[in-house]
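Each chain, written out:
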Amino acid sequence: MGTVDDVDRIIEQWAQERPDLDTQAMEVFGRIYRISQRMGARQEKVHARFGISRGEFDVVATLRRSGEPYQLSPKALAASLMLTSGGMTGRLDRLEKAGLVARSPDPDDRRGLVITLTARGLEVADQAVTAGLAAQCEVFERLPRREREQLPAMLRDLLALLDG
């Protein structure tokens, strides 16, 4: 690739002002942050084509990948998405209004609810995940094969260091 980016310019400025700093980690995390922002914006556009936000996609995708009957409790959904119950309620309200999920009493807990992906929700989840993955692949596949093969494991290791 070899192009100069904003991170290179920032690193250059630090090298000028503070040559004593080892900024290699700043280069990595600065780029990861920028990649996340840019891909997030692309994904938001993709999901908008299906009438959902990125956050709403996360809900329908979580239900979809949970397998048949594509249903979870609001608590399980919130935990999976690392959301508060209030944040989850807002998303569920919008998705229910759009006909993508349905709320029903939990047969195993009369005080609880289950959230189920509707047939329309299943269709939207499948179309949106396919389109979103295509948008990611469009960028990722521009990397040389060797880098595409190494990058997932390297990022997993880096994430594990933060989680450990």
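The rules behind these values
Residues numbered from 1 in each chain as written. Predicted model: local features only at pLDDT ≥ 70, side-chain atom pairs only at ≥ 80, totals over all residues. Heavy atoms only, no water. Helix = DSSP H or I, 4+ residues; strand = E, 2+ residues; numbered from the N terminus. Expected span 1.5 Å × (residues − 1). Buried < 20%, exposed > 50% of the residue type's maximum accessible area, 1.4 Å probe, protein only. Arc of directions from axis to C-beta. Contact = heavy atoms within 4.5 Å. Salt bridge = Lys/Arg side-chain N within 4 Å of Asp/Glu carboxyl O.

Moving on, we get to helix α6 (residues 119–140). Spanning 22 residues, α6 covers 31 Å between terminal C-alpha atoms, matching the ideal 32 Å at 1.5 Å per step. For α6, the complete set of buried residues consists of G121, V124, A125, A128, A131, G132 and A135. Looking down the long axis of α6, one finds its buried residues gathered within 150 degrees of arc, a one-sided arrangement. Exposed and oriented more than 90 degrees from the buried face of α6 are A119 and T130. Among the structural elements, α2 (24–48), α3 (54–65) and β3 (109–117) are those in contact with the buried residues of α6.

For the rest of this paragraph, the subject is the pattern of salt bridges. All chains considered together, the criterion is met by 14 salt bridges. Close ionic contact of E138 with R42 constitutes a salt bridge, the shortest N to O distance being 4.0 Å. In this pair, E138 is assigned in helix α6 and R42 in helix α2, connecting sequence segments 96 residues apart. A relative accessible area of 48% places E138 in the partly exposed class. Looking at R42, the relative accessible area reads 36%, which means it is partly exposed.

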